[in-house]
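These are the residues of each chain, in order.
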Amino acid sequence: MITEIAPARERESAAPQQPRKVRRAWDEVPRWQIYVPLGIYLVFTLIPFYWILLFAFRPAGSTSLVPWPMTLDHFQKVWTERSFGVYFQNSVLVGVATLVLTTVVALAGGYALARFEFRIKRAFMLALLCSQFVPGALLLVPLFQIFAKLQMINSLGSVILAETVFQLPLSMILISGFIRNVPQSLEEAAWVDGCNRFAAFRIVVLPLLRPGLIAVGSFAFVHAWNHFLFALMFLSDQSKQTIPVGLNTLMSADSVDLGALAAGGIVAAIPVVIVFAFIQKWLITGFSAGAVKG
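Conventions adopted
- Residues numbered from 1 in each chain as written.
- Predicted model: local features only at pLDDT ≥ 70, side-chain atom pairs only at ≥ 80, totals over all residues.
- Heavy atoms only, no water.
- Helix = DSSP H or I, 4+ residues; strand = E, 2+ residues; numbered from the N terminus.
- Buried < 20%, exposed > 50% of the residue type's maximum accessible area, 1.4 Å probe, protein only.
- Contact = heavy atoms within 4.5 Å.
- Areas by Shrake-Rupley, 256 points an atom, 1.4 Å probe, with all protein chains shown as cover.
- Phe/Tyr/Trp six-rings, centres within 6.5 Å; stacked < 30°, edge-to-face > 60°.
- Lys NZ or Arg CZ within 6 Å of the ring centre and 35° of its normal.
- Axes fitted to C-alpha atoms, helices over the stretch in contact; angles between N-to-C directions.
- Left-handed = near helix turned anticlockwise from the far one by under 90°.
- Nonpolar A, V, L, I, M, F, W, Y, C, P; charged D, E, K, R; others polar.

Participant: When you look at the overall build of the chain in this model, what are you seeing that I'm missing?
Facilitator: Helix and strand counts for the chain stand at 13 helices and 0 strands. Listed by position from the N terminus, the elements making up the chain come as α-α-α-α-α-α-α-α-α-α-α-α-α. When the 294 residues of the chain are sorted by exposure, 36% land in the buried category. Contacts in the chain between residues far apart in sequence, at least 24 positions, make up 74% of those at least 6 positions apart. As presented, the chain carries roughly 18700 Å² of accessible surface, and 68% of it is formed by carbon and sulfur atoms.

Participant: What's the story with the environment of G110 in this structure? I'm lost.
Facilitator: Within the secondary structure, G110 sits in helix α4 (residues 84-115). Residue G110 is classed as buried on the basis of its relative accessible area of 0%. Not counting residues within four places of it along the chain, the set of residues in contact with G110 comprises M172, I175, S176 and I179.

Participant: Please explain the packing of aromatic side chains as it appears in this structure.
Facilitator: By convention here, two paired aromatic rings are described through the distance between centres and the angle between planes. Applying the stated criterion across every chain, the model contains 12 aromatic pairs. For the ring pair F57 and F75, a centre distance of 5.1 Å and an interplane angle of 45° mean the geometry is tilted. Of the two residues, F57 is situated in helix α2 (residues 32-57) and F75 in helix α3 (residues 73-81); the sequence distance between them amounts to 18 residues. Owing to a relative accessible area of 18%, F57 belongs among the buried residues under this scheme. Look at F75 and you get buried, because its relative accessible area is 16%. An aromatic cluster of at least three residues, connected via ring pairs, comprises F144, F147, F166, F230 and F234. Over the ring of F55 we find R58, and its NZ or CZ is 4.8 Å from the ring centre.

Participant: Where do I start with the packing of α4 against helix α10 (residues 210-226) in this structure?
Facilitator: A pair of packed helices is captured by two measures, namely the crossing angle of their axes and the spacing between those axes. For the pair α4 and α10, interaxial distance at closest approach is 8 Å and the crossing angle is 145°. Here α4 and α10 pass one another in a crossing that is right-handed. Together, F88, S91, V92, V94, G95, V96, T98, L99, T102, T103 and L107 of α4 and L213, V216, G217, A220, F221, A224 and W225 of α10 make up the contact between the two elements. Residues that form the contact of α4 with α10 fall into these classes: 12 nonpolar, 6 polar and no charged.

And the structure:
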């Protein structure tokens, strides 16, 4: 009897055990409790966009809730009569220049924070974090005085430098966190093969930082594209103003041209939508990898 029970127990222990299905809390939630709030949120999110499209493509004086017949008169008006072509070029120049400067400086500073140890490193990191609590309005007076002494008022260079300074703290923190995820042993192996520090960084580390660089660069570009305050204060010539300031000129104390304002808003939103449509995967990966504890 004992000899018959023992092989049976051995067969039971040798048989693969089926994994238990873990019941999660959200498996018991009815689907309608998930879809209804998401649907309400989606409606409140899409209604403003539809309202903008309605005013942009609806003929002037029409009160229809459907933009038909569609017209492009508002876009032609803002692009030619309201000089939005010039504003668009200035915004592209400011955005691209801010992207390049912010990425290059943040890359150098982030590498120093990630790979070197110095006495004031913790205090410097704390200062970078605390600088994020300072609103841009508080920087207007000192920046204006500096640019006035440098004779840079009413030039796009002043806006580019101001935007770069404003974006650098967060960009350096993100880049340094991303570089910490790259093992230093990879650089040391390149040093053994005869590379200096710069060559090892360019060949080994830089290709692995692509998601982080895309995240930082896109964030800097979008912020410079949408920022209104610096362009308003440092630029007085209409031929040098950017799109946010141009949108402000469409509103006056007496009246607001809703059709032109909606068309200008769509023109301003198109580059940002295109940028995020192409880099959304890299953007999420970059911010997730950079937001780590160093």
